[in-house]
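Spelled out from the first residue to the last, the chains are:
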Amino acid sequence: MSISTLTLNDGNQVPWIAFGTGTALRHQDAQNPVENAIANGFTHFDGAQMYENEERLGAAIKASGTPRSALFITTKLNRLQPDQTAKTALQVSLEKLGLEYVDLYLVHVPGHHAGRLKEVWKMMEECKREKLAKSIGVSNFEVAHLQEILDSAEFPPSVNQVEIHPYVWKSLQPVMALHKEHSIITSSYGGLTPLFRAPGGPLDPVIEKIRARLESTRGQPVSIGQVLNKWLQQYGILVVTTSSKANRMREYLDTAKVP
């Protein structure tokens, strides 16, 4: 199954959907779930130093036998230790992953670098210049955080990964407007919150009505998860999701075929 891509502001391409190794896989052995995700068609894997499972992500990549060029690997900068930089932290991640580069390197939490965001971003840019990361970006950044680094950035962030679902959509409009101004791709986590973490909410009947309409149009089953992921995809949002179940993995990838 071919996965469509989004174009980043540095010209690189990113698959529109990623398999995340946080949430339930955080601090866990992620090798088998990642191997299953690769076997079921995922090519983009969203990791992080904070998740403490980069070695197992790397082991899964190696065990799959999939060419490096066919995969898109993301990791994220954790809180810096004394005498550590974003570059040296990435070098440790690359060793754990068994890779020469990552496709995307994000600053995970702005609060970890309070008062130092410009300095940290300069080192992120060095990672890109030295081809340790093909693209660089941020995560959980609000407008003020983005403005702090955009003022002097040589390379603006290519991605900002934030929690996105219908219940927080309105509050995200200021940061998404800034994304549009600087051609920053919005990436989402928590996109299935109305399904798994907040069932019984006011959107449930609306989502079910949309699901039934899409199913009727398509002529085959459409799930609520597909409705929510399709909504994100139609806004050009990069979706990060996860599951331990092969049928759910295939369902998420099949979202692209939902009309």
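Below or above, wherever it landed, is the structure these notes cover. (Residues numbered from 1 in each chain as written. Predicted model: local features only at pLDDT ≥ 70, side-chain atom pairs only at ≥ 80, totals over all residues. Heavy atoms only, no water.)

A short note on the overall build of the protein
Part 1: Secondary structure assignment for the protein yields ten helices and ten strands.
Part 2: The C-alpha atoms of the protein give 18 Å as radius of gyration, which agrees with the globular expectation for 259 residues (18 Å, within 12%).
Part 3: In terms of principal-axis extent, the alpha carbons of the protein reach across some 55 × 45 × 30 Å.
Part 4: Taking all contacts inside the protein whose residues are at least 6 apart in sequence as the whole, residues at least 24 apart take part in 73%.
Part 5: On the protein, roughly 12000 Å² of surface is accessible, and the fraction owed to carbon and sulfur atoms is 50%.
Part 6: In the protein, 27 side chains carry a positive charge and 26 a negative one; their mean positions are 6 Å apart. (Helix = DSSP H or I, 4+ residues; strand = E, 2+ residues; numbered from the N terminus. Rg over C-alpha atoms; globule rule 2.2 N^0.38 Å. Contact = heavy atoms within 4.5 Å. Areas by Shrake-Rupley, 256 points an atom, 1.4 Å probe, with all protein chains shown as cover. Lys, Arg positive; Asp, Glu negative; His and termini not counted. Charge placed at Lys NZ, Arg CZ, Asp CG, Glu CD.)

Brief notes about the nonpolar core
Part 1: The biggest cluster of nonpolar side chains holds 72 residues, and the ones touching the most others in it are Phe42, Phe45, Tyr105 and Met124.
Part 2: The contacts of Phe42, once residues within four sequence positions are left out, are Ile3, Ile17, Ala18, Phe19, Ala37, Thr241, Met249, Tyr252 and Leu253. (Core = buried A, V, L, I, M, F, W, Y, C linked by side-chain atoms within 4.5 Å. Buried < 20%, exposed > 50% of the residue type's maximum accessible area, 1.4 Å probe, protein only.)

Some remarks on the packing of aromatic side chains
Part 1: Counted under the stated rule, the structure contains five aromatic pairs.
Part 2: Their ring planes at 50° and their centres at 4.6 Å tell us that Trp169 and Tyr235 sit as a pair that is tilted. Here Tyr235 lies in the loop between α9 (224–234) and β10 (238–241) and Trp169 lies in the loop between β8 (159–163) and α6 (173–181), a separation of 66 residues in the sequence.
Part 3: A relative accessible area of 16% places Trp169 in the buried class.
Part 4: For Tyr235, a relative accessible area of 48% gives the class partly exposed. (Phe/Tyr/Trp six-rings, centres within 6.5 Å; stacked < 30°, edge-to-face > 60°.)

Structural notes on the pairing of strand β9 (residues 185–189)
Part 1: Taken across its five residues, β9 has four buried, putting it largely inside the fold.
Part 2: Inspection of the sheet shows β9 paired to β10 by two bridges, in the parallel sense. Bridge assignment links Ser188 to a residue of β10, and that residue is Val239. (Pairing = 2+ DSSP bridges.)

Thoughts on the environment of Ala24
Part 1: With respect to the secondary-structure elements, Ala24 resides in the loop between β3 (17–20) and α1 (31–39).
Part 2: Residue class for Ala24 comes out exposed when judged on its relative accessible area of 61%.
Part 3: Along the sequence, Ala24 and Pro156 sit 132 residues apart, while their C-alpha atoms lie 31 Å from each other.

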